[in-house]
Amino acid sequence: MAGLSTLILLLCAAKDVMPSSSHWKPTWPSYRVPVILPQSTLNLDKPRFDAETKLEVVSPCGPACHKSSPLPTYEEVKDYLSYETLYANGSLTETEVGIYILSNGGEESRGKSRTKRQIYGYDSRFSIFGKDFLLNYPFSTSVKLSTGCTGTLVAEKHVLTAAHCIHDGKSYVKGAQKLRVGFLRPKLKDGSKGANVSSSAMPEKMKFQWIRVKRTHVPKGWIKGNANDIGMDYDYALLELKKPHKRKFMKIGVSPPARHLPGGRIHFSGYDNDRPGNLVYRFCDVKDETYDLLYQQCDAQPGASGSGVYVRMWKRQNHKWERKIIGIFSGHQWVDMNGTPQDFNVAVRITPLKYAQICYWIKGNYLDCREG
């Protein structure tokens, strides 16, 4: 399995299948994903939790830079997809993985303007008000991390977010050991329990209810790299809560090519820090893509990092429309476009390999993770 042909199979293990008859419906492609299984687990020293939380990741390596990078070897891919698990008591483990394919399905910056340039012309973000919206799907799947980022509910007890929200690539951030996830709920006044006040002229007051995180998974590709090379490709993490959240969640899915997305657009909601306490929704066109990243100019501010990027497409097997998370919003990036600096916001795509890994983290059974 160590040859180049095997690597190509690993990276392209799932060829998308375009719909043959439903030309008028954007349809979820069918994917056959590889299997990623733990091989060995090693106990590590307890982390120091001394890194400062950074709500955005900046990298000068743009689409052309990433596209021209050599393909990783099979051993490198295994190394990148191995992962650390941080537990609530501060203990830490490292797990090496094996990757299998079943044949039968089985620039540094531009001054202080960097953080402001995440708004592209007219601000097209929408603040979501009122419990009738905030507490309903899909907006109800967005949650806030105590480190200041956003996450998305992807299972009964699991939240998908960006790795840099809990780890700076070298060390865990100060708030990672006591990490909590916040759920927006109505802030009820005395005697108002059960009252429907969403029709009031003023937006209903909301508050966060917090649940502690039991454990966190971060891929070694993020820990070993940084935003200037392969690190941004692995800027994702999965959090397991100490108890079920009891809300509807959004499934993850393999990211189709941008040209197959409905209108070429993506959507995501997050807790941008320039609108404290507000959930902010936006959508925009994808401008470019690599195998691992989506480049777009969705208006966003720090705090939205970790938001689940999703699209809505037709699911032929179930004969219904279905939203799935196909990426994780990472942050801001300056790109040298023929000598002219241009900035994008970047999302990490859920590739077949990442889907297999994240799905296994959630379900603990590769048989439930065969179709993306």
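Here is what the cut-offs are and how they apply
Per chain, residue numbering runs from 1 following the sequence as it is written. The model is predicted, so local features are restricted to residues of pLDDT at least 70 and side-chain atom pairs to those at 80 or more, both for listing and for counting; the totals for chains, interfaces and linings are taken over all residues. Each side-chain value is derived from all of the structure's non-hydrogen atoms; neither hydrogens nor water enter the calculation. UniProt positions are given in the numbering used here, feature names are shortened, and annotations may be inferred rather than shown by experiment. Secondary structure follows DSSP: runs of H or I at least 4 residues long count as helices, runs of E at least 2 residues long count as strands, and numbering of each begins at the N terminus. Partly exposed residues are those whose accessible area sits between 20% and 50% of the maximum for their type, while under 20% is buried and over 50% is exposed, using a 1.4 Å probe and protein chains only. Computed with a 1.4 Å probe, the accessible areas rest on the Shrake-Rupley method; for each residue, only the protein chains presented here act as cover. Between 30 and 60 degrees the pair is tilted, below 30 it is stacked and above 60 it is edge-to-face, where a pair is any two Phe, Tyr or Trp rings, Trp via its six-membered ring, whose centres lie within 6.5 Å. Two conditions define a charge sitting above a ring: the NZ of Lys or the CZ of Arg must be within 6 Å of the ring centre, and it must be within 35 degrees of the ring normal. Here, the term nonpolar core denotes a set of buried Ala, Val, Leu, Ile, Met, Phe, Trp, Tyr and Cys residues that are joined through side-chain atoms within 4.5 Å. Contact definition: two residues touch when any of their heavy atoms are within 4.5 Å. Pairs of N or O atoms within 3.5 Å make up the polar contacts considered here, provided that, within protein, one atom can donate a hydrogen while the other can accept it, and that residues adjacent in sequence are counted only when both atoms are side-chain atoms.

Going by an unreviewed UniProt entry, the chain carries the name Serine protease 23 and comes from Nothoprocta pentlandii. Its UniProt record, at the heading Subcellular location (unreviewed entry), says of the chain: "Secreted". UniProt lists a comment for the chain under the heading Sequence similarities (unreviewed entry), and it reads "Belongs to the peptidase S1 family."

1. Topic: the overall build of the chain
Looking only at helices and strands, one finds six helices and 17 strands in the chain. For the chain, the proportion of its 372 residues judged to be buried stands at 55%. Just so you have it, the chain exposes about 17100 Å², and 51% of that area is on carbon and sulfur atoms.

2. Here we look at the packing of aromatic side chains
The full count for this structure, using the stated rule, is twelve aromatic pairs. Grouped by ring-pair contacts, the aromatic residues Tyr80, Tyr83, Tyr234, Tyr236 and Trp361 constitute a single cluster. When the ring centre of Trp314 is taken as origin, the NZ or CZ atom of Lys25, which lies over that ring, is 3.5 Å away. A cation over a ring is seen here: Arg180 above Trp210, with NZ or CZ 4.6 Å from the ring centre.

3. Observations regarding the nonpolar core
By size, the foremost hydrophobic cluster in this structure holds 73 residues, and its most contacted members are Leu81 and Leu160. The element best represented in this core is helix α6 (residues 352-363), accounting for seven residues. Contacts of Leu160, omitting those with residues within four sequence positions, involve Gly151, Thr152, Val154, Ala237, Leu238, Ile252, Gly306, Ile325, Ile328, Ile350 and Ile358. Core analysis: the next-biggest nonpolar cluster, separate from the first, contains 17 residues, Phe268, Leu294, Val309 and Met313 among them.

4. Quick notes on the side chain of Thr161
Along the chain, Thr161 turns up in strand β7 (residues 158-161). At 2.8 Å, the side chain of Thr161 and the backbone oxygen of Thr150 are in polar contact. Sequence-distant contacts of Thr161, defined by excluding residues within four places in its chain, comprise Leu145, Thr150, Gly151, Asp235, Tyr236, Ala237, Leu239, Ser305, Gly306 and Ile328.

5. Here we look at the environment of Ile166
Examined against the element boundaries, Ile166 turns out to sit in the loop between β7 and β8 (180-186). Looking at Ile166, the relative accessible area reads 1%, which means it is buried. Expressed as a C-alpha distance, the spacing of Ile166 and Thr216, which sit 50 residues apart in the sequence, is 8.9 Å. Among residues more than four places away in sequence, those in contact with Ile166 are Tyr172, Val173, Ala176, Leu179, Thr216, Val218, Ala237 and Leu239.

6. Concerning unusual backbone geometry
What you tend to see is this: most non-glycine residues have negative phi, and most peptide bonds are trans. The phi angle at Phe49 is positive, at roughly 55°, despite the residue not being glycine. Along the polypeptide, Phe49 turns up in the loop between β1 (35-44) and α2 (63-68). Taking the relative accessible area as the measure of exposure, Phe49 reaches 11% and is therefore buried. The backbone of His319 sits at a positive phi, close to 55°, despite the residue not being glycine. In this structure, His319 sits in the loop between β15 (308-315) and β16 (320-337).

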